[in-house]
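Remarks on the overall topology
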Amino acid sequence: WRSGPDGRRDYCNGPWLRFTGRTLQEELGDGWTLGIHAADLRRRLDVAADSFRQRAPFEAEYRLRRHDGVYRWIFERGVPIREADAFGGFVGGCIDVHERHEGQVARESFLRMMAHELRTPLQAVKMFVEAMRRRAASGEPCGPEMFDRLDGQFDRFGRLISDLSQTGDAGGSSVRRTPLDLASLLRKAVESRSHALRDAPVRSRHQVAFRGPERAEVRGDSQRLEQAFHSVLDNALKFSPRGGVVDVMLQSAEGEHRVTVRDEGVGIPAAELPMVSHRFFRASNVSQQNFPGMGLGLSSARDVVEKHGGSLSVASQVGKGTEVSIVLPRSKETGP
């Protein structure tokens, strides 16, 4: 694009017009500003006006409406031009940087979320340590419940570190496939969560139940699959604040095994279901304060399942619960 000494646009090239879907006549003068997002317009105009006064180059990022009505973040740079030793206006160009900008926003959001997530258990640990220090100073013994609560916060740290390690794992490491019994692996995961619920300092209102055949042969990475099922179970328990039964069912059919994990939790809005297995996704009906987490559980589980040649899908109703279905190829082998 180019603007004259008065700051009004007098030229836009073909790529600009194809991006906006408008004619040159529509874009001339101040017409091009109609495509700028309303929230960004004043900032963009102020930057340009200041640069015109100083006859200095400028840079700006703002959202510009594309020909299909979608607003895209663009990066713009303008520089002054001289004609016959006089100021002749500005010439500039724009680059579509929408993906980069969205990535930066996601990164900043992730860092803020991580700071909050780490600060919460850290403050709790500090509080417990201070209470134990005061008891020790007064000769009063610390009861086992204090150590249980402190241990619970360290467990939370451990889960956060585990989640962080998963952020760089998607698409990276491969799986080591060996013959294994999916039914046994699921029973182990369910028993582990059931023991944790029984041993929790505060009595849980949850139950985890398993139904399925005695054996179900697959070829897979037992450690990675176990991690995936733990992530799905943890999600089901966390987002069921009223308690209830988390039902795990294994069904074997021709060529595949289907695992469903059904909870009685808060559910997910229907419009957001296509995004549930995206990294860092959190449904709009859950708050960070009441349901802490980074939105990595289902995305990491999906990555593991897909690396095994399977699929993960989610069905849900707000206020009634969620069902996660995992399909894995059935193995015909019965031995190593």
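We now turn to the structure provided with this report. Worth saying up front: this structure is predicted, and the values here are computed from it rather than measured. Note on numbering: residues in each chain are counted from 1, in written sequence order. Where totals are concerned, whole chains, interfaces and linings use all residues; where local detail is concerned, this predicted model gives features only for residues with pLDDT of at least 70, and gives and counts side-chain atom pairs only at 80 or more. Water and hydrogen atoms were dropped before computing side-chain values, which therefore reflect all heavy atoms in the structure.

Take the side chain of glutamate 272 next. Only runs of H or I of at least four residues qualify as helices and only runs of E of at least two qualify as strands under DSSP, and these elements are numbered from the N terminus. By the secondary structure assignment, glutamate 272 is in the loop between strand E10 (256-262) and helix H8 (297-307). Overall, glutamate 272 belongs to the buried group, its relative accessible area being 13%. Whether two residues touch is decided by their heavy atoms; if any such pair falls within 4.5 Å, the residues are in contact. Residues contacting glutamate 272, with those up to four places away along its chain left out, are Phe281, Ala283 and Ser284. Burial status follows relative accessibility: with a 1.4 Å probe on protein chains alone, a residue under 20% of its type maximum counts as buried, one over 50% as exposed, and anything between as partly exposed.

This brings us to helix H3 (residues 38-54). An α-helical turn contains 3.6 residues, so any two residues separated by three or four positions project in the same direction. A helix's residues, less one, multiplied by 1.5 Å, set its expected span. Look at H3: 26 Å from first C-alpha to last across 17 residues, which is about the 24 Å you get at 1.5 Å a residue. Turning to H3, its buried residues are Asp40, Arg44, Ala48, Ser51 and Phe52. End-on, the buried residues of H3 take up no more than an arc of 100 degrees, which puts them together on one face. Among the exposed residues of H3, those oriented more than 90 degrees off its buried face are Ala39, Arg42, Arg53 and Gln54. Residues of H3 that are buried sit in contact with strand E1 (2-3), strand E2 (9-11), strand E3 (58-65), strand E4 (71-83) and strand E5 (86-96). Each direction from the helix axis to a C-beta atom contributes to the arc, which is the arc of those directions.

A pair of strands is considered paired only if DSSP assigns at least 2 bridges between the two. Relative to strand E9 (residues 244-253), strand E7 (residues 206-211) runs parallel, the two sharing 6 bridges. Residue pairing across strands places valine 208 opposite valine 246, the latter belonging to E9. As defined by bridge partners, E9 adjoins E10 across 7 bridges and the pair is classed as antiparallel. Residue pairing for E10: alanine 253 is matched across the bridge by glutamate 256. Here E9 hands over to E10 after 2 residues, with glycine 255 in that stretch at a positive phi of 85 degrees.

Taken together, 5 strands build an open sheet; the order of strands is E2-E1-E5-E4-E3 and the sheet is antiparallel. Looking at the sheet topology across the chains shown, the edges are occupied by E2 and E3. Where E3 lies against E4, 8 bridges are found, and the strand directions are antiparallel. Bridge assignment links tyrosine 62 to a residue of E4, and that residue is isoleucine 74. Here H3 sits on the sheet in contact with E1, E2, E3, E4 and E5, set at roughly 150 degrees to E3. With axes taken as lines fitted to C-alpha atoms, and helix axes fitted only over the stretch in contact, angles between N-to-C directions fall between 0 and 180 degrees.

Put simply, two rings from Phe, Tyr or Trp (the six-membered ring, in Trp's case) pair if the centres are within 6.5 Å, and we call them stacked under 30 degrees between planes, edge-to-face over 60, tilted for the rest. Under the defined criterion, the tally for this structure stands at 6 aromatic pairs. Taken together, the ring pairs connect Trp1, Phe52, Phe58, Phe87 and Phe90 into an aromatic cluster. In this scheme, Lys NZ or Arg CZ marks a charge over a ring once it lies within 6 Å of the ring centre and within 35 degrees of the ring normal. Sitting over the ring of tryptophan 16, arginine 9 keeps its end group 4.8 Å from the ring centre. Arginine 9 extends its terminal NZ or CZ atom over the ring of tryptophan 32, reaching a point 3.8 Å from the ring centre.

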